[in-house]
Amino acid sequence: MKSLFSLKTEHKYGYIFILPVAAVLGILIIYPLLYGFYISFFQTNLINRWNFVELENYINIFSGNSEFVNSIFVSIKFTSVVVLSHLVLGLLLAVILNKKNLPFKELFRSILMIPWFFPEVVVALLWRWIFNSMYGVFNYLLMNLNIIEDKITWLSSMRGAFFVVVFTAVWKGYPLILVMILAGLQSIPEELYEVAKIDGANSFQTFFYITLPNLRSVLLVSLILDTVWWFKNFPIVWLMTRGGPVNATNVVSIDIYQTAFQSFNFGKASASAVIVFFICLGIAMIYKSMITEEEM
Amino acid sequence: MKLRSNVKIVLFTLVFVLFSIMSVQAVTLEVMDSVIVESPEREALLQIIENFEEENPDITIDYQGVPMNDAYAQIPTLATSGALPDVYLATLDFIGTFEDMGIATDLRDVFSQEYLDGFNQNSLSELTVDGKVLAHPFFVIPMGVLYRIDWFEEKGLTPPETWEEFLDIANELTEDTNGDGSVDRWGFAMLASRDGSGGSRFIQIFRTFGGYELRLNDEGEYVTDVNTPQGRNAFEFFTELNTEHEVVPPGPMEVSYGEALNLMATNKTAMMVTGPHSIGGIIERNPELDGKIGAFPLPMAQDGGKHISVLNTYGHAINPDSDKKEEAAKFLKFLVNDESALLWNEMTGRMPTRTGLLQSPEVQDRPDLAGFVEAMDYAEPLPTVSYYSTIMTDILPSAYQSIIVGQATVEEAAERAEERIISLIEEN
């Protein structure tokens, strides 16, 4: 490895300029990652008890009626529905917003971006009250429209709670996908559509043979970023249901939080977090294998 | 000569002034508490702090608020980073964890035995682990049932002794009051949330059926009664209040402490399992209810049950690494002196912990506290083990929630809860 002194001047200064950012990344990301990995081999309360237990924490999280394994399945279910909904909704809205003759296009774009600007905490609390069984405005509207006779206990039933957190996550997250796809649509050469029109292609053919293939790299990037983001999401589910009722919405981030901060079993929580890290790493590697160098 | 003596005078004066400033320089005591985020507790506490700082100008109190349900995630986090405040809240469900982590001073080294003997000893024992007094009691909130005196009088009802009588009353008070065909008032505000607010209340209802979620057997080992007939009866009765009798508003699993107070304050429910601290919160939300709230001890199961209460002592621990233990002790003593404790009780309903004050007419003769005063006669301690919080905030709430949503039968839920508790006992 070349020493810093033997590098060309412009290379040397490049490394010097990225050094502060690298240091911050190292302190804020690399160090906690390695420390968490280290803790996972101990039974510890991080203060006065450090018992080296080798792989016992990893074995425990997969043994018996494992809450962690159940939370992985819930997370997979939650993430799949949310990400798919984001892609479908984002794509649909982006195609509509990309139409040249759409009136008030800028106004619609601004309105559709609004959910993205709210902090997740605010979003969770807002929708939690909207869906509240007793006082929620959603039940009120449904009853006034005679769609339901009795109040629906959205957050007190397993399916209802899962639906509500998914809905909230979809509402919060679709603008990012919308923006990414819209940018991708606007980079597709207009000539391709003209040629398709000349050749007699209809709207569906144009969409499936021109639009989607040209959006492939954007869709893949959106898919991967969205999957990793929502797989480990915490605020929305915690504030709305705390993982309940029972374990209906007990995603993996909540299971880890409860293991750490309610049971004070930091070793086991760290082991769970390491597993989640490798799951997210696996997703990233799948992305890398699906996308070519040219597309990157 | 005259100039030199003038200089001496000026220098001497400067030194004197500097010395005076240094000797009265205020010490800042950091205190973390959860009651200051609630109302009217905040107003009462600020008044007490003001009084303390007037009497002790050399001590400034820096009060930090944290919601109760988040406090015990925050305290260990601060402890691991060495950023614990000088004084912080401590309750019986986490005192075992404090001992395990070594983050609470043994107050026998800070206060005299005579002073500690002046506390209600049940209250003190709730903050004591293996003989070590790990927190200074501030107030107690013995659990009972708050109820609407006016609605009871309307219907000619009297406070129940048994859960069967309680259910009859709840049925009687569940009705459509405005004739629109929908029930708009329910007998009971059930806290079935998956947190300490729901779990702690369920534990006390559970015990009134004759079983214990965790207890020491004759061999000195911890055992659980969750999967005994008494335990299963408790689960069945509690969950059927919603699933069968429907004396509970829809969505009980969304109801934690704040939501239940709202239900009482908005005239939606007639009864609520809670402590005297809720009276102030309800009246704060709806001043028209002043004088209309009463209390009675938790009913008991007809067969083999007993009245139960828990004092739910709330106290303050002193950080072992704090260099202001003397100031902390001064402040904690001030919190529970006669004037402060009676002001606190008058404004919030939370009851004093000093024996003399508990017997005072100001506490004993308050009609809204009468039921809680009676409940104190049935007080029993909760176990102070490090894993108790998991039982209270996770295992038991998961069990009753699984029954309510129909995911498990009573037997299945009780068996699963028993497995998890036994696993915890064995791990520790």
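Chain A goes by Carbohydrate ABC transporter membrane protein 1 (CUT1 family) in an unreviewed UniProt entry, where it is assigned to Halanaerobium saccharolyticum. Quoted verbatim from the Subcellular location (unreviewed entry) heading of the UniProt record, the comment on chain A is "Cell membrane". Note on chain A: under the UniProt heading Sequence similarities (unreviewed entry), the record states "Belongs to the binding-protein-dependent transport system permease family."

All right, on to unusual backbone geometry then. Omega for the bond connecting Gly244 of chain A with Pro245 of chain A falls within 30 degrees of zero, at -5°, which places this linkage in the cis form. Structurally, Pro245 of chain A can be placed in the loop between α11 (235–241) and α12 (252–261). Cis rather than trans, the peptide bond between Ser39 of chain B and Pro40 of chain B has omega equal to 15°. Although it is not a glycine, Asn146 of chain A adopts a positive phi angle of roughly 60°.

So, about the UniProt feature "domain: ABC transmembrane type-1" (unreviewed entry) in chain A. When the UniProt feature table is mapped to this numbering, "domain: ABC transmembrane type-1" (unreviewed entry) covers residues 72–287 of chain A. Helix makes up 75% of residues 72–287 of chain A and strand 0%, whereas the separation of the span's terminal C-alpha atoms amounts to 20 Å.

One frequently used descriptor of interface size is the decrease in accessible area upon assembly of the parts. Listed as interface residues are 22 residues of chain A and, on the opposing side, 26 residues of chain B. Broken down by class, the residue content of the side of chain A that touches chain B amounts to 9 nonpolar, 11 polar and 2 charged.

Before going further, it helps to examine helix α5 (residues 120–130) of chain A. All names here are of chain A. Taken as a whole, α5 has its buried residues at Val123, Ala124, Trp127 and Arg128. Here the buried residues of α5 occupy an arc of 125° about the axis, which is enough to place them on one side. Exposed positions of α5 whose direction lies more than 90 degrees from the buried face are Val121 and Trp129.

Cut-off values and rules
Residues numbered from 1 in each chain as written. Chains lettered and ligands numbered in written order. Predicted model: local features only at pLDDT ≥ 70, side-chain atom pairs only at ≥ 80, totals over all residues. UniProt positions renumbered as here; feature names shortened; annotations may be inferred. Helix = DSSP H or I, 4+ residues; strand = E, 2+ residues; numbered from the N terminus. Contact = placed C-beta atoms within 7 Å. Nonpolar A, V, L, I, M, F, W, Y, C, P; charged D, E, K, R; others polar. Buried ≥ 20, exposed ≤ 12 C-beta atoms within 10 Å, placed from the backbone. Arc of directions from axis to C-beta.

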